[in-house]
Amino acid sequence: MAAKQLAETRLEKYKEILLKEKEDTQNIINAINEIQKRGAKDGNGNLSAYSQHQADLGSDTDESERRVYILEKELKNIKLINSALKRIYDKTYGICEICGDAIPANRLKIIPYARYCIKCKEEEEQRKRRRK
Ligand SMILES: [Zn+2]
């Protein structure tokens with residue numbers, strides 16, 4: 001296993017990326033919380049960057065439901081980022097949790113909190129699809 005560990009310097013690099021990602025995600029969460037708070041007061045919070053079909057679904061309830069949805073998604077992301085950071089401290093980062101192979105660097109570049117290699121991820125997704 002030891003041979004598959006990422007070099008210290010590369011772990012540092014990924015740590016930086018993950019911390020930045022965490023900050024961005026936290027900012028979105030804070031922004032939504034802020035809007036929710038304000039929305040509760042004047043009933044007119046709006047997160048235009050995420051709004052779609054505003055004309056069709058204009059009511060406050062839909063807006064606020066959409067914000068809850070984004071909030072839940074971002075909170076899930078924070079959890080993924082935190083567990084990736086934990087793997088960096090444990091020095092198991094970049095190793096597939098299923099097969100123990102190294103996760104390719106170009107995959108980590110796109111998804112810095114990836115837990116599985118591409119092969120295992122695809123198998124996992126197929127399993128999920130079958131369950132539906
Ligand atoms: Zn794997």
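Residues numbered from 1 in each chain as written. Predicted model: local features only at pLDDT ≥ 70, side-chain atom pairs only at ≥ 80, totals over all residues.

Draft legend 1. Region of interest: the overall build of the chain. Within the chain, the secondary structure is distributed over 4 helices and 0 strands. Shown N-terminal to C-terminal, the secondary structure of the chain runs as helices and strands in the order α-α-α-α. Counting only contacts in the chain whose residues sit at least 6 apart along the sequence, the fraction spanning at least 24 positions is 56%. (Helix = DSSP H or I, 4+ residues; strand = E, 2+ residues; numbered from the N terminus. Contact = placed C-beta atoms within 7 Å.)

Draft legend 2. Structural view of the nonpolar core. Grouped together as the largest cluster of nonpolar side chains are 13 residues, with contacts concentrated most on Leu 18, Ala 84, Ile 103, Tyr 113 and Ala 114. Those elements that provide at least two residues to this core are helix H1 (8-42) and helix H2 (60-90). Other than its neighbours up to four places away in sequence, Ile 103 contacts Gly 94, Ile 95, Cys 96, Leu 108, Ala 114 and Cys 117. (Core = buried A, V, L, I, M, F, W, Y, C linked by C-beta atoms within 7 Å. Buried ≥ 20, exposed ≤ 12 C-beta atoms within 10 Å, placed from the backbone.)

Draft legend 3. Geometry of the environment of Glu 97. On the secondary structure map, Glu 97 appears in the loop between H2 and helix H3 (105-110). Judged by local crowding, Glu 97 falls into the partly exposed class, with 14 C-beta atoms found within 10 Å. In this structure, the C-alpha to C-alpha distance between Glu 97 and Ala 114, residues 17 residues apart in sequence, is 9.6 Å. Sequence-distant contacts of Glu 97, defined by excluding residues within four places in its chain, comprise Arg 115 and Tyr 116.

Draft legend 4. How the structure looks around helix H4 (residues 118-131). For H4, which comprises 14 residues, the first-to-last C-alpha distance of 20 Å matches the rise-based estimate of 20 Å (1.5 Å per residue) to within 8%. Counted residue by residue, H4 has 0 buried out of 14 residues, so it is predominantly exposed. (Expected span 1.5 Å × (residues − 1).)

Draft legend 5. Summary view of unusual backbone geometry. The backbone of Lys 91 sits at a positive phi, close to 65°, despite the residue not being glycine. Along the chain, the position of Lys 91 falls in the loop between H2 and H3.

Draft legend 6. Just the confidence of the model for the chain, in detail. When pLDDT is averaged along the chain, the result is 85, and 80% of the positions lie at 70 or above. Across residues 49-55 the pLDDT falls below 50, and counting only partners more than four positions away or on other chains, this stretch makes 3 contacts in the model. (pLDDT = per-residue confidence, 0-100.)

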